[in-house]
Amino acid sequence: MKPLIFSTDPLHPRTMEALSEIGDLEIASSCDASTLIRESLGADFVIVRSKVPEEVAQHPNLKAFIRHGAGLDMIPVQAATENGVMVVNAPGENAITVAEHVMWSTLGLMRHLNAMQTTQRTEGWAQARTWSSSGRELSGKIMGIIGMGNLGRAVCSLASRGFGMPIRAVTSRPNELCDGAVSRTLHEAIAESDVVVLCCPLVPETVGLIGEEQLNLMKPDAILINVSRGPVVDTDALVACLQRDGIAGASLDVVSPQPLPQNHPLLKFRNVILTPHAAGISMDSLERIGKIVVSEVQQIMSGRLPENLCNHDVAQPDLSTGTVPLDQRSC
């Protein structure tokens, strides 16, 4: 009997083709909580590209949540583990895509791209050209990278090798730094850097990591890039900082709340680049991640542990929660 594979969002065409050969593939008609709960009922696998309600982890046939990406904040990991459901991700497959986003958005801020384009469309060529005299080169500027996992290392490589940027790294593994990086505390990295890039995961310790105190440490001509998660930055503190010209600008691929309401003050700044949590999305990255997703489904269907299992406790018997070891499940 073919497994039912449910995806919260459309996938790369080749991924959907491959999954359809393995089982019956269904795509959610909407990403709201009630629809996901209802339409995922009976699924053996849930492919996650949008936030999944905790109730989905309780579906009786569910074997695994497979994250189409790296971050696990869209998956109810604890509920999954308690219900014997594996949580799997695809780490690093979109790191270069996000790293390229970091570099182009940094360049856009340094050269006033938003303001220049808006001015040219509304006030003309000559007036737009006046922005160029206050633009700055990126080469040789100091970049602080908060979080040196797959993404942080990819950003480090592009920045240091492509632009000759010295790197100040904030990491729990200072002995594993990439070339061109030196370890710093959070406050040291923020104070020394011309560009501060947030690449850390969203965990309790990183909620509100960048608030008023940290923003006040930044150089007045420094910029902030957030490709982590919205709650890592205190939004109100950032708005206040931008209003008083405390920093030169920000590029935010993620925000809190997400999405922003249409009247939010962040939408009004010319020196803020906003993108809709799209830094890691390209045809190339979608195809790479899709291959990992397909491989993990095949791995589980063959009765083996997935390569990128995130909640290892799920494979251990736990009579208090009803968790069943993998070799006792019908995978």
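Counting starts from 1 at the beginning of each chain's written sequence and moves along it residue by residue. Whole-chain, interface and lining totals are the exception, using all residues; otherwise, since this is a predicted model, local features are given only for residues with pLDDT of at least 70 and side-chain atom pairs are given and counted only at 80 or more. Processing note: side-chain calculations cover all non-hydrogen atoms of the structure and skip hydrogens and water entirely.

Chemist: Which parts of the structure should I look at to understand the overall build of the chain?
Modeler: Here a strand is any run of E in DSSP of at least two residues, a helix any run of H or I of at least four, and the numbering for each starts at the N terminus. A count of helical and extended segments in the chain gives 11 helices and 12 strands. Put simply, the radius of gyration uses C-alpha atoms, and a globule should come to 2.2 Å times the residue count raised to 0.38. Compactness check: the chain gives a C-alpha radius of gyration of 22 Å against a globular reference of 20 Å for 331 residues, within 12% of the reference. Dimensions of the chain, computed from the C-alpha atoms along their principal axes, are close to 65 × 45 × 35 Å. Relative accessibility thresholds used throughout: buried, under 20% of the residue-type maximum; exposed, over 50%; partly exposed, between the two (1.4 Å probe, protein chains only). Looking at the chain as a whole, 49% of its 331 residues are labelled buried. The contact rule is simple, with two residues in contact once any of their heavy atoms fall within 4.5 Å. A separation threshold of at least 6 residues defines the contact pool for the chain, and within that pool the share at least 24 residues apart is 59%. Note that accessible areas follow from Shrake-Rupley with a 1.4 Å probe, and for residues the cover is restricted to the protein chains shown. In the form shown here, the chain has an accessible surface area of approximately 15,700 Å², with 51% of it arising from carbon and sulfur atoms. When charges are counted, neither His nor the chain ends are considered; positive counts come from Lys and Arg and negative counts from Asp and Glu. To locate a charge, the coordinates of NZ of Lys, CZ of Arg, CG of Asp or CD of Glu are taken. Side chains of the chain carry 26 positive and 36 negative charges; the gap between the two charge centres is 8 Å.

Chemist: Honestly, the layout of surface pockets in this entry has me stumped. Any pointers?
Modeler: Rolled over the atoms, a probe with the dimensions of a water molecule shows which regions are left empty. A volume near 290 Å³ is recorded for the second largest pocket. As for the second largest pocket, its lining consists of 18 residues, of which Leu109, His112, Trp131, Ala248 and Asn271 are closest to the centre. Those elements that provide at least two residues to the lining of the second largest pocket are helix H4 (95-110) and helix H5 (113-122). Amino acids are sorted into nonpolar (Ala, Val, Leu, Ile, Met, Phe, Trp, Tyr, Cys and Pro), charged (Asp, Glu, Lys and Arg) and polar (every other residue, Gly among them). Residues of the lining of the second largest pocket, tallied by class, amount to 8 nonpolar, 6 polar and 4 charged. For cavity detection a 1 Å grid was placed over the protein atoms alone, and a set of points counts as a cavity when a 1.4 Å probe fits there but cannot get out; an open set counts as a pocket when protein lies on both sides within 12 Å along at least five of seven lines, with lining residues being those that have an atom within 4 Å of a point. Grid points are joined across faces, edges and corners, and a volume is the space filled by probe spheres set on the points.

Chemist: Looking at this model, I keep getting lost on the state of the cysteines. Mind explaining?
Modeler: Linking two cysteines covalently via their sulfur atoms produces the bond known as a disulfide. By disulfide we mean two sulfur atoms from cysteines, separated by a distance within 2.5 Å. Inspection of every chain in the model, using the stated rule, returns 1 disulfide. Of all cysteine sulfurs, the one in Cys200 lies closest to Cys199, which takes part in no disulfide; the gap is 7.7 Å. Take Cys199: its relative accessible area is 11%, and that puts it in the buried class.

Chemist: So what exactly am I meant to see when it comes to the pattern of salt bridges here?
Modeler: Opposite charge on two side chains allows them to pair when their charged atoms are near. Salt bridges are identified by distance alone: a Lys or Arg side-chain nitrogen within 4 Å of an Asp or Glu carboxyl oxygen. Applying the stated rule across the entire model yields 8 salt bridges. Between Arg229 and Asp73 there is a salt bridge, with its nearest N and O atoms 2.9 Å apart. Of this pair, Arg229 sits in the loop between strand E10 (223-226) and helix H10 (235-243) while Asp73 sits in the loop between strand E4 (64-67) and helix H3 (77-82), and the two are 156 residues apart along the sequence. Residue classification places Arg229 among the buried residues on the basis of a relative accessible area of 14%. Judged by its relative accessible area of 29%, Asp73 falls in the partly exposed class. The partner of Glu192 in a salt bridge is Arg168, with the nearest N and O atoms 2.7 Å apart.

Chemist: What's the story with the pairing of strand E3 (residues 45-48) in this structure? I'm lost.
Modeler: Looking along a regular strand, one sees the side chains alternate between the two faces of the sheet. Across the two faces of E3 the burial is the same, with Phe45 and Ile47 and Val46 and Val48 all buried. The pairing criterion for strands is at least two bridges between them, as found by DSSP. As defined by bridge partners, strand E1 (residues 4-7) adjoins E3 across 3 bridges and the pair is classed as parallel. Bridge assignment links Ser7 to a residue of E3, and that residue is Ile47.

Chemist: Would you mind showing me how to read empty space enclosed by the protein here?
Modeler: Within this structure, the stated rule accounts for 2 cavities of 30 Å³ or more. Considering only enclosed or pocket space, the largest cavity measures out at about 50 Å³ in volume. Lining the largest cavity are Asn226, Gly230, Val233, Thr235, Leu238, Leu252, Val254, Val255, Ser256 and Leu266. The residue inventory of the lining of the largest cavity, partitioned by class, reads 6 nonpolar, 4 polar and no charged. Lining the second largest cavity, in full, are Met148, Arg153, Thr171, Arg173, Glu176 and Leu177.

Chemist: Sorry if this is basic, but what is going on with the packing of H4 against helix H7 (residues 150-163) here?
Modeler: The angle between the axes and the distance between the axes are what describe a pair of packed helices. Helix axes use the C-alpha atoms of the stretch in contact, all axes being lines fitted to C-alpha atoms, and the angles between their N-to-C directions lie in the range 0 to 180 degrees. Where H4 meets H7, the closest approach of the two axes is 8 Å, and the angle between their N-to-C directions is 50°. Relative to H7, the element H4 is oriented oblique. As H4 runs across H7, the sense of the crossing is right-handed. Facing Ala95, Ile96, Val98, Ala99, Glu100, Val102, Met103 and Leu107 of H4, the residues of H7 in contact are Asn150, Leu151, Ala154, Val155, Leu158, Ala159 and Phe163. Its residues assigned to classes, the contact of H4 with H7 shows 13 nonpolar, 1 polar and 1 charged. Just so you know how the angles are binned, under 35 degrees is roughly parallel, over 145 roughly antiparallel, 65 to 115 roughly perpendicular, and the rest oblique. In a left-handed crossing the near helix is turned counterclockwise from the far helix by less than a right angle, and in a right-handed crossing that turn is clockwise.

Chemist: In this structure, what is going on with the confidence of the model for the chain? I would like to understand it.
Modeler: The predicted coordinates ought not to be read in detail in places where the model reports low pLDDT. Known as pLDDT, the predictor's per-residue confidence is scaled from 0 to 100. Residue-level pLDDT values for the chain average 93, and 95% of them are 70 or greater. Confidence over residues 316-331 falls short of pLDDT 50; this stretch has 29 contacts with residues more than four positions distant or in other chains.

Chemist: I would appreciate a short explanation of unusual backbone geometry in the present structure.
Modeler: Trans peptide bonds make up most of the peptide bonds, and negative phi angles are found at most residues other than glycine. With an omega of 5°, the peptide bond between Ser256 and Pro257 qualifies as cis. Summarising the element assignment, Pro257 is placed in the loop between strand E11 (249-252) and strand E12 (272-274). Residue Pro259 is bonded to the preceding Gln258 through a cis peptide linkage, with omega at -5°. Position of Pro259 among the secondary structure elements: in the loop between E11 and E12.

Chemist: In this structure, what is going on with the pairing of strand E6 (residues 143-146)? I would like to understand it.
Modeler: Both faces of E6 are covered, namely the face carrying Met143 and Ile145 and the face carrying Gly144 and Ile146. Where E6 meets strand E7 (residues 167-170), 4 bridges bridge the pair, whose relative direction is parallel. Following the sheet pairing, Ile145 is matched in E7 by Ala169. For the crossover that starts at E6, traverses H7 and ends in the parallel E7, the hand is right-handed. Assignment of crossover handedness uses the view with strands pointing away from the viewer, where a clockwise path from the first strand over the helix to the second indicates a right-handed crossover.

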